[in-house]
Amino acid sequence: MRITRVRATPVAVPYRSDEVWAFGRRSGLVALLVEVDTDEGLTGLGEAAAYPSADVVLAALRAMEPLAVGADPLRIEQLIQRIDVVGTYHHTGSSSPAAAALETACWDLLGKSCGQPAVSFFGGRFRDRVEFFHYVAAGTPEEVRAEGVRAAGAGARTCYLKVGADDLGTDIERVAALRDGAGPGMAIRVDANEAWSPGAAVRAIRELERYGLELVEQPTSGRNLAEMAYVRSRIDTPLLANEASWTRADQLAVLQHGAADVVSVDQQMDGGLLNLKRSAGICAAAGIPVVKHSLGELGVAAAAAVHVVAATPNFRHAGQGYGALLTDDIVQGGFAGPLDRYTDGTLAVPEGPGLGVALDPEKVARYAELYREAADSFTFHDPGALKGAPALPKR
């Protein structure tokens with residue numbers, strides 16, 4: 001079998017409410033759907049996050065295409081090494097989503113060629129369902145409380161909320177409202193996205209801990225592991241690394257510095273599913289659990305991750321999911337969105353060959369057209385944040 005062509009389709013799928021973080025917001029999710037054609041008539045599916053932008057990822061994918069065409073897609077390690085070493089893409093972090101999409105499509109082809117689900121290639125099922133958190137958009141306390149009620153009603157076990165507002169009082173009000181709406185049994189995870197200095201982080205987390213936190217994600221800079229270790233030593237809530245842990249080399253450094261209790265891992269930021277499995281293995285050797293991170297995923301990338309997470313024991317916390325925000329999906333049956341595709345906050349491992357999902361042509365066409373018409377409205381370019389001359393940390 002040989003790769004004959006690589007096709008990419010940017011799509012934009014709206015959210016039901018804006019995704020808000022410490023420095024901006026977006027009203028929907030942009031992704032590149034990647035289809036890898038072969039000379040035997042099989043097509044593999046992949047998906048690349050539009051990080052840092054769809055144009056950048058598309059350019060990287062086009063530059064990689066000559067390295068992929070003519071290659072045997074079942075020799076996955078060989079192909080990725082060709083991209084990393086011959087193409088020197090291991091030096092450029094923004095190329096990782098493109099490489100991940102190509103690699104994912106090859107796992108899909110492998111499964112389709114032998115009639116096996118991708119989970120079989122990563123160790124087989126350790127679990128049959130994979131848990132995801134309920135993404136709570138940062139809004140008014142009333143809106144956050146209502147979303148907490150919605151999450152509990154949907155059977156979710158973990159809620160995720162962005163913090164790092166301009167003043168700590170806003171964060172406290174939102175976390176209090178979420179606890180009130182979701183109830184005492186809900187795990188609450190907060191993410192500051194590096195918005196705090198070490199001293200501010202310790203003060204803020206101590207204030208928020210009264211509401212019972214599961215994890216606090218990346219409170220300080222991911223580029224200063226000593227700061228993270230300092231904060232970790234002075235709070236009671238486990239610290240989750242994210243911006244500090246996008247690649248295997250980063251994760252190793254986090255572990256060496258004792259900078260986190262839990263490590264976030266992401267196939268998009270480290271070139272594919274095999275590296276996602278390796279990331280979990282590195283952390284397992286240190287006795288550290290991992291969390292599945294996402295830069296924003298539709299059904300193809302979410303299904304791919306589910307196969308790996310289901311086969312890997314130390315994914316012990318709910319992964320990052322977008323079902324609570326998405327209005328639709330681009331795969332048949334809407335695998336990962338919207339929320340009604342989840343059961344008690346979980347997704348079942350697909351049983352079909354390869355990734356076990358197929359594109360919905362009508363929805364792909366609809367959201368490709370939306371991307372062409374309104375791509376700029378789906379970015380994180382919040383006008384208010386741009387006018388405010390933002391800088392890290394906030395305080």
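Refer to the structure above for everything that follows.
So, here is what we can say about the structure in this document. Predicted model, so just to flag it, every value in this text is computed and none were measured.

Reading the values: rules and limits
- Residues numbered from 1 in each chain as written.
- Predicted model: local features only at pLDDT ≥ 70, side-chain atom pairs only at ≥ 80, totals over all residues.
- Heavy atoms only, no water.
- Helix = DSSP H or I, 4+ residues; strand = E, 2+ residues; numbered from the N terminus.
- Rg over C-alpha atoms; globule rule 2.2 N^0.38 Å.
- Buried < 20%, exposed > 50% of the residue type's maximum accessible area, 1.4 Å probe, protein only.
- Contact = heavy atoms within 4.5 Å.
- Areas by Shrake-Rupley, 256 points an atom, 1.4 Å probe, with all protein chains shown as cover.
- Lys, Arg positive; Asp, Glu negative; His and termini not counted.
- Charge placed at Lys NZ, Arg CZ, Asp CG, Glu CD.
- Pairing = 2+ DSSP bridges.
- Axes fitted to C-alpha atoms, helices over the stretch in contact; angles between N-to-C directions.
- Salt bridge = Lys/Arg side-chain N within 4 Å of Asp/Glu carboxyl O.
- Polar contact = N/O pair within 3.5 Å; in protein donor to acceptor, adjacent residues only side chain to side chain.
- 1 Å grid on protein atoms, 1.4 Å probe; cavity = no way out; pocket = protein on both sides within 12 Å on 5 of 7 lines; lining within 4 Å.
- Points joined across faces, edges and corners; volume = space filled by probe spheres on them.
- Nonpolar A, V, L, I, M, F, W, Y, C, P; charged D, E, K, R; others polar.

**Topic: the overall build of the protein chain**
Secondary structure assignment for the protein chain yields twelve helices and twelve strands. Taking 395 residues into account, the globule formula puts the C-alpha radius of gyration at 21 Å, and the protein chain, at 20 Å, falls close to it. The principal-axis extents of the C-alpha atoms in the protein chain amount to approximately 60 × 45 × 45 Å. In the protein chain, buried positions account for 59% of the 395 residues. At a minimum sequence separation of 6, the contacts of the protein chain that also span at least 24 residues come to 76%. Just so you have it, the protein chain exposes about 14,800 Å², and 52% of that area is on carbon and sulfur atoms. If you average the places of the 38 positive and of the 49 negative side-chain charges in the protein chain, the two averages end up 3 Å apart.

**Thoughts on the environment of Arg 341**
Mapped onto the elements, Arg 341 comes out in the loop between α10 (299–310) and β12 (346–348). In sequence terms Arg 341 and Glu 142 are 199 residues apart; their C-alpha atoms lie 26 Å from each other. When near neighbours in sequence (up to four residues on either side) are disregarded, Arg 341 contacts Gly 333, Gly 334, Phe 335, Thr 346 and Leu 347.

**Here we look at the sheet that holds strand β10 (residues 262–265)**
The seven strands lie next to each other as β5-β6-β7-β8-β9-β10-β11, forming an open sheet whose pairing is parallel. Single-partner strands in this sheet number two, and they are β5 (134–136) and β11 (290–292). Adjacent strand axes in the sheet meet at a mean angle of 30° when their direction is disregarded. Taken together, the three bridges between β10 and β11 define a ladder with parallel strand orientation. Across the sheet, Ser 264 pairs through a bridge with Val 291, a residue of β11.

**Considering the pattern of salt bridges**
Overall, the coordinates contain 26 salt bridges when judged by the stated rule. Residue Arg 157 is joined to Glu 131 by a salt bridge in which the shortest nitrogen-to-oxygen separation is 3.5 Å. Linking Arg 157 in the loop between α4 (141–153) and β6 (158–162) with Glu 131 in strand β4 (residues 129–131), this pair joins segments that are 26 residues apart in sequence. Note on Arg 157: relative accessible area 41%, which makes it partly exposed. Note that Arg 232 is salt-bridged to Asp 261, the shortest N-O span being 3.0 Å. Taken together, the residues span a long stretch of sequence, with Arg 232 in helix α7 (residues 225–232) and Asp 261 in the loop between α8 (248–257) and β10 at a distance of 29 residues.

**Some details on the side chain of Asp 360**
For Asp 360, the location among the structural elements is in the loop between β12 and α11 (361–374). Lys 363 provides the closest opposite charge to the buried, salt-bridge-free Asp 360, at an N-O distance of 4.7 Å. Here the side chain of Asp 360 touches Glu 362 through a polar contact of 3.1 Å, landing on its backbone nitrogen. If we ignore the near neighbours within four places in the chain, the residues touching Asp 360 are Ile 330, Val 331 and Gln 332.

**Regarding the sheet that holds strand β3 (residues 43–49)**
Strand order in the open sheet formed by three strands is β1-β2-β3, with antiparallel pairing between adjacent strands. The open sheet has two free edges, formed respectively by β1 (3–21) and β3, since each of these has just one partner strand. Ignoring which end each strand starts from, the neighbouring axes of this sheet average 20° apart. One ladder, built from seven bridges, connects strand β2 (residues 24–38) with β3; its direction is antiparallel. Within the sheet, the bridge partner assigned to Ala 31 lies in β3 and is Ala 49. Contacting β1 and β2, α11 crosses the sheet at an angle of about 70° to β1.

**Section: empty space enclosed by the protein**
Under the definition given, this model contains three cavities of 30 Å³ or more. Put simply, the largest cavity is a space of about 90 Å³. What lines the largest cavity is Phe 132, Phe 133, His 134, Ala 154, Ala 156, Gly 321, Tyr 322, Gly 323, Ala 324, Leu 339, Tyr 342 and Gly 345. Within the lining of the largest cavity, the residues separate by chemical class into eight nonpolar, four polar and no charged.

**Section: the pairing of β2**
Counting buried positions along β2 yields 13 of 15 residues, so the element is predominantly enclosed. Bridge count between β1 and β2: 14 bridges; the pairing is antiparallel. Within β2, the position partnered with Trp 21 by the bridge is Gly 24. Connecting β1 to the antiparallel partner β2 that follows it, the hairpin turn spans two residues. Remark: four residues form the turn of the hairpin made by β2 and β3, two consecutive strands paired antiparallel; Gly 41 in that turn has positive phi of roughly 85°.

These results come straight from atomic positions and should not be treated as a statement about function.
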